[in-house]
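Next come the chains, spelled out residue by residue.
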Amino acid sequence: MAQGAKEIKTIGILTSGGDAPGMNAAIRAVVRKAIGNGVKVKGIKKGYQGLLNEEIVDMEKKDVSDIIQRGGTILGTARCTEFKLPEVQERAAEICRKHGIDGMVVIGGDGSYRGAQALARHGINTIGLPGTIDLDIACTEYTIGFDTAVNTAMQAIDKVRDTSSSHERCNIIEVMGRNAGYIALWCGVANGAEDILLPEKYDFKEQNIINNIITNRKRGKTHHIIVNAEGIGHSTSMARRIEAATGIETRATILGYMQRGGSPTCKDRFYASIMGSYATDILCEGKSNRVVGYQKGQFVDFDIEEALNMQKQIPEYQYQVSRLLSQ
Ligand code: ADP
Ligand code: F6P
């Protein structure tokens, strides 16, 4: 423990924002690592909303048994708009103190980190863990849930492709990711899609897609898969326009929440376990206002403000490869 650092006796843990497969593995790791370090753990239900409602329970090692393989989050999650208010944040820190919570692990995305930052400002040592299927957190190359989500989407797209070929149709499949195109990029490449539409890159020249469909059909391709990102959206109206322009039956499928659920992959279970342990260790060392990330093969941590100011873009080389391979 760093000299002069506050001794942590009890830590709280909460999940916030959209749930992601692997969050349970992270919760399990935090609970077991903390108890192993001689620190008590309290679980906070339903994110910051549950904290304000004092939905707080003691957690023992046995409370996290049989959860590593389960999707979702056993703690529940919520979006809590009022947590942006300074007086509400102050009240939340008071609630933590009332329950003896002197350290906190927050699992969520960028929005949740802002809340974590506020708790740290009010004297609760807080560490963030990257939990989102979107992969849109700049300080890390890995986020908890992304691997499961892309594998779920990839399997679904393979299935759509079978029927696309049988019916000689064009199929648009819309994947999640809010404003980020990482799920679309990865699935686009992994599913061998003919067109991959990313919000960061799309030029809205639909005629190019139409030309591509017609060219491919002339070359004898029986299917045409377009992976469209949620950040572009409008897949159903796009399908109608493409069908009218090409004369080829076109259908849209919006994969939606199935991408957020399901049993986490080995990678999500493993990385979430290591990250949960890492967050607990640095909390016990007296660190605060930091987030855990994964970069160049290492688990690392950053100041939250520094992390939130980082920028992330679709890697140009990966994008160019995705375009070339889809032709
Ligand atoms: P994510 O954490 O996945 O980015 P959101 O952006 O919905 O998801 O944020 C999750 C929650 O974090 C919000 O419902 C709110 O409780 C909290 N939050 C978001 N932005 C802020 C902010 N600026 N200040 C304090 N808390 C915030
Ligand atoms: O951030 C995860 C995510 O699933 C995004 O991909 C999507 O835009 C959003 O959450 C949906 O949020 P909600 O659960 O509020 O509909």
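Since this is a predicted model, take the numbers as computed values, not measurements.

**Student:** Explain the overall build of the chain to me, using residue names and the numbers behind them.
**Tutor:** Assigned secondary structure in the chain consists of eleven helices and eleven strands. Here the chain has a C-alpha radius of gyration of 22 Å; the compact-globule value for 327 residues is 20 Å, and the two agree. Going through the 327 residues of the chain one by one, you find that 53% of them count as buried. In the chain, the share of contacts with a sequence separation of at least 24, taken over all contacts with a separation of at least 6, comes to 74%. Taken as a whole, the chain presents about 14,400 Å² of accessible surface, with 49% of it coming from carbon and sulfur. In the chain, which carries 40 positive and 38 negative side-chain charges, the distance between the mean positions of the two groups comes to 2 Å.

**Student:** Help me get a handle on the site of ligand 1, residues and values and all.
**Tutor:** Taken together, 14 residues lie around ligand 1, and R79, C80, G109, G111 and S112 are the ones closest in. A distance of 3.5 Å separates a nitrogen atom of ligand 1 from a polar backbone atom of G115. Judged by its atoms lying within 2 Å of the grid points, ligand 1 is housed in the largest pocket. Per-element tally for the shell around ligand 1: the top contributor is helix 4 (residues 110-121), with five residues. Considering only residue class, the shell around ligand 1 consists of three nonpolar, seven polar and four charged.

Thresholds, definitions, all that
Residues numbered from 1 in each chain as written. Chains lettered and ligands numbered in written order. Predicted model: local features only at pLDDT ≥ 70, side-chain atom pairs only at ≥ 80, totals over all residues. Heavy atoms only, no water. Helix = DSSP H or I, 4+ residues; strand = E, 2+ residues; numbered from the N terminus. Rg over C-alpha atoms; globule rule 2.2 N^0.38 Å. Buried < 20%, exposed > 50% of the residue type's maximum accessible area, 1.4 Å probe, protein only. Contact = heavy atoms within 4.5 Å. Areas by Shrake-Rupley, 256 points an atom, 1.4 Å probe, with all protein chains shown as cover. Lys, Arg positive; Asp, Glu negative; His and termini not counted. Charge placed at Lys NZ, Arg CZ, Asp CG, Glu CD. Near = heavy atom within 4 Å. Polar contact = N/O pair within 3.5 Å; in protein donor to acceptor, adjacent residues only side chain to side chain. 1 Å grid on protein atoms, 1.4 Å probe; cavity = no way out; pocket = protein on both sides within 12 Å on 5 of 7 lines; lining within 4 Å. Sits in = over half its atoms within 2 Å of the grid points. Nonpolar A, V, L, I, M, F, W, Y, C, P; charged D, E, K, R; others polar.

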